[in-house]
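Remarks on the overall topology
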Amino acid sequence: MLEIFRDSSLLFLSRGYAWLPDARRKSADGIVHTRLFGRQVCALRGPDAVQFFYDKSNVRREGALPRPVLDTLCGRGAVHTLDGELHRCRKDMFASLLTDPERIAALAEHAVRSWRESAARWAGRRVVLFDEAALVLARAVCDWTGLALSDRQTLQLARDCVAMVDGFASVGPRHWRARAARSCQERALARIVERTESSGSRLSTPLEVVADHRETNGLPLDPHTVAVELLNIIRPTIAISWFVTFAAHALHRWPKNRQRLQEEGSENFATALAHETRRYYPFAPFVVGLAARDLHWHGHRISRGTMVLLDLYGQNHDPVLWADPYRFNPDRFLNRPPNPDDLIPQGGGDTKTGHRCPGEDVTVVLLATLVSELATLQYKVVEQDLSIPLNRMPTRPRSGFVMCPETLSTTLL
């Protein structure tokens with residue numbers, strides 16, 4: 001029997017993050033069948049849905065990402081578009097860079113140095129934290145990656161990476177700016193790759209690791225694909241500026257958390273606050289795959305080729321999983337690591353073998369590090385619009401969090 005579903009594209013664009021959770025609440029069993037941009041869609045959520053979605057025999061990623069997302073956020077030929085052995089081989093390369101504690105610690109050191117050098121220039125000025133955090137992270141990741149960029153080039157890279165993230169889920173000028181930004185940075189990085197020679201050291205720079213990577217056929221990546229994958233390290237790192245701004249928003253609304261960060265031995269609380277920031281605030285609304293074959297899920301038939309959505313924002317606010325889910329409460333993660341199939345702001349599944357973001361550990365460490373730095377900074381929050389519109393994706397406080405630092409209590413490295 002032919003199933004006809006109403007297209008929800010306009011509703012999605014107008015409701016944003018709230019669209020899918022609202023649709024799920026209206027569904028009899030929490031499973032949403034609809035159409036989105038002309039494609040048949042089935043939307044799921046829950047820990048068992050995470051396991052179902054990331055089972056490669058059920059859902060594939062190849063061909064799932066729409067062309068606008070590839071041309072802005074991920075890039076053509078990126079690891080996100082691959083499946084099977086080719087995906088595993090490329091993902092191993094990312095995992096070697098982004099899950100190694102030694103490399104993560106080195107990146108965090110670069111981030112602290114970049115933050116403190118920048119904070120020394122903020123005193124007495126009115127600064128937009130979102131913009132400054134993006135530049136701080138751009139300097140840190142460029143130094144860590146091995147890219148020798150000028151200050152002007154680093155500033156442009158920060159702006160372009162922000163544009164890529166800001167415009168991937170939009171239409172009109174934001175989207176076209178995102179496409180132009182990616183094209184510009186892919187060309188610039190490809191030129192750098194062509195001049196790169198491996199140092200042969202045990203702990204090569206990420207630039208060298210990506211440039212030296214061999215695919216399953218034993219061949220290296222072409223310079224353009226190397227540039228694409230380098231951006232898929234650099235762009236998500238700079239995108240942590242969204243979470244840094246959300247964390248500042250949380251510290252402003254609930255100042256007791258800032259006081260706790262200032263206490264001796266607050267490392268565990270900083271990590272808990274990083275997890276709660278990622279859970280509470282909206283970032284990605286959902287992830288997308290395609291049904292690899294005819295499937296059945298809790299009595300529902302999902303035809304091969306159907307677009308399958310995993311509801312990230314809805315799951316991170318599901319009262320079945322989280323007590324009082326719309327309350328910001330870092331204590332829910334204090335001394336208790338999150339269940340990876342429950343907390344999925346950056347996707348789910350296994351980091352090494354599946355499509356879970358390999359940079360999740362980097363995000364947590366850098367966010368915990370920078371929010372601790374922010375807590376030691378003396379600043380005033382000026383009158384501004386700190387509302388967070390859920391119909392804008394990705395969203396952030398409208399003002400970008402404007403603050404006026406007074407004195408610097410941290411010491412330059």
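Anything mentioned here points back to the structure above.
Residues numbered from 1 in each chain as written. Predicted model: local features only at pLDDT ≥ 70, side-chain atom pairs only at ≥ 80, totals over all residues. Heavy atoms only, no water.

Let us now look at the overall build of the protein chain. Looking only at helices and strands, one finds 16 helices and 10 strands in the protein chain. Relative to the compact-globule value of 22 Å for 413 residues, the protein chain shows a C-alpha radius of gyration of 21 Å, a close match. The principal-axis extents of the C-alpha atoms in the protein chain amount to approximately 70 × 50 × 40 Å. Counting only residues that meet the buried cut, the protein chain has 56% of its 413 residues in that class. Here the contacts in the protein chain between residues at least 6 apart in sequence split such that 73% fall between residues at least 24 apart. Split by element, the accessible area of the protein chain, about 18,200 Å² in all, is 51% carbon and sulfur. Charged side chains of the protein chain number 53 positive and 47 negative; the gap between the two group centres comes to 5 Å. (Helix = DSSP H or I, 4+ residues; strand = E, 2+ residues; numbered from the N terminus. Rg over C-alpha atoms; globule rule 2.2 N^0.38 Å. Buried < 20%, exposed > 50% of the residue type's maximum accessible area, 1.4 Å probe, protein only. Contact = heavy atoms within 4.5 Å. Areas by Shrake-Rupley, 256 points an atom, 1.4 Å probe, with all protein chains shown as cover. Lys, Arg positive; Asp, Glu negative; His and termini not counted. Charge placed at Lys NZ, Arg CZ, Asp CG, Glu CD.)

This part takes up the state of the cysteines. This model, assessed by the stated rule, comprises 0 disulfides. Of all cysteine sulfurs, the one in Cys161 lies closest to Cys184, which takes part in no disulfide; the gap is 10 Å. Under the relative-accessibility criterion, Cys184 is labelled partly exposed at 31%. (Disulfide = S-S within 2.5 Å.)

With respect to the helices and strands, Leu20 occurs in helix 2 (residues 19-26). Owing to a relative accessible area of 3%, Leu20 belongs among the buried residues under this scheme. For Leu20, the contacting residues outside a window of four places in its chain are Val32, Ala43, Phe286, Leu309 and Asp311.

Let's shift gears to the packing of aromatic side chains. Tallied over the full model, the rule gives 19 aromatic pairs. Consider the rings of Phe53 and Tyr54, whose centres lie 4.9 Å apart with planes at 70°: the pair is edge-to-face. According to the relative accessible area criterion, Phe53 is buried, its value standing at 1%. Each residue in the set Phe246, Trp254, Tyr280, Tyr281 and Phe328 is aromatic and connected to the rest through ring pairs, giving one cluster. Above the plane of the ring of Phe130 lies Arg396, whose end atom (NZ or CZ) is 4.0 Å from the centre. (Phe/Tyr/Trp six-rings, centres within 6.5 Å; stacked < 30°, edge-to-face > 60°. Lys NZ or Arg CZ within 6 Å of the ring centre and 35° of its normal.)

This part takes up the pairing of strand 1 (residues 32-36). Residues Val32, Thr34 and Leu36 of strand 1 are buried on one face, while the alternating residues His33 and Arg35, pointing to the opposite face, are not. Note: strand 1 against strand 2 (residues 39-44), 5 bridges, orientation antiparallel. Residue pairing for strand 2: Thr34 is matched across the bridge by Val41. Taken together, strand 1 and the strand that follows it, strand 2, pair antiparallel across an intervening segment of 2 residues, in which Phe37 is found at a positive phi of about 50°. (Pairing = 2+ DSSP bridges.)

Quick look at the sheet that holds strand 1 now. The 5 strands lie next to each other as 1-2-8-5-3, forming an open sheet whose pairing is mixed. Of all the strands in the sheet, just strand 1 and strand 3 (59-60) have a single pairing partner and so form its edges. Together, strand 1, strand 2, strand 5 (286-291) and strand 8 (307-311) form the strand contacts of helix 2, whose direction differs from that of strand 1 by roughly 140°. (Axes fitted to C-alpha atoms, helices over the stretch in contact; angles between N-to-C directions.)

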